[in-house]
Structure formats: structure tokens, C-alpha cells
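So the chains spell out like this:
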Amino acid sequence: MSEPTLDLETVIRRDRPPEMRGNVQIDTVDNDTRVTLSVGDDRAIRYVLLSPAEATQLASALETAAETAADSMEEHPNE
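Notes on the structure in this doc start here. (Residues numbered from 1 in each chain as written. Predicted model: local features only at pLDDT ≥ 70, side-chain atom pairs only at ≥ 80, totals over all residues. Heavy atoms only, no water.)

Regarding unusual backbone geometry
Line of reasoning, step 1. Even without being glycine, aspartate 30 reaches a positive phi, approximately 55 degrees.
Line of reasoning, step 2. On the secondary structure map, aspartate 30 appears in the loop between strand E1 (23–29) and strand E2 (34–40).
Line of reasoning, step 3. For aspartate 30, a relative accessible area of 53% puts it in the exposed group.
Line of reasoning, step 4. For asparagine 31, which is not glycine, the phi dihedral falls at a positive 55 degrees.
Line of reasoning, step 5. With respect to the helices and strands, asparagine 31 occurs in the loop between E1 and E2.
Line of reasoning, step 6. The class of asparagine 31 is exposed, set by a relative accessible area of 78%. (Helix = DSSP H or I, 4+ residues; strand = E, 2+ residues; numbered from the N terminus. Buried < 20%, exposed > 50% of the residue type's maximum accessible area, 1.4 Å probe, protein only.)

Shown next as C-alpha cells:
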């Protein structure tokens, strides 16, 4: 039996409504064996509890998405 995996999908959107300022907070719990991720603003906050492996996968996906977005901005600077 293989280890469970976290499937992540990266979507880059343009022309969205004005964004609200929000917060992302990351912390560890359970003697640093779990990672908590909270994302939200003054209206709502979402919490996620991640294993270290899931947190690593999420960090890699965010890094890849950021690099893709930066490359896209270089290719299409007027958008």
C-alpha cells in the first residue's frame, strides 16, 4: 500500500474582482509534528492541519505557481 498523497492543483486567474487584504499564518503543533495553516481576513478564516510531508508538498506547489506566475508576467507585461 502506498502512502497517501496530497493532490494540489494550481490555478492562476486574471481579471478577478478587487482583492481583499488577508493573512496567511503558519505554525506547528503537537510537538512540531503537525503544521497548521490558516488563511483568511476579517470576514472568515480557514484552518488546515497538515503533516510535515503535506506541508512540504504545499510549499513546493506554491513555489512552482509563483515561478509560473512570474514567468507569465515577464512574457505578458501589459496584462
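Some thoughts on the pairing of E1
Line of reasoning, step 1. Of all the 7 residues making up E1, 0 are buried; the element is thus mostly uncovered.
Line of reasoning, step 2. Following E1, the chain reverses through 4 residues before pairing antiparallel with E2; aspartate 30 in that reversal takes a positive phi of roughly 55 degrees. (Pairing = 2+ DSSP bridges.)

Description of the pairing of E2
Line of reasoning, step 1. As paired elements, E1 and E2 share 7 bridges and run antiparallel to each other. Paired with aspartate 27 across the strands is threonine 36, a residue of E2.
Line of reasoning, step 2. Where E2 meets strand E3 (residues 45–50), 6 bridges bridge the pair, whose relative direction is antiparallel. Bridge pairing in E3 links valine 35 to leucine 50.
Line of reasoning, step 3. Taking the residues between adjacent antiparallel strands as the criterion, E2 and E3 are bridged by 4 residues.

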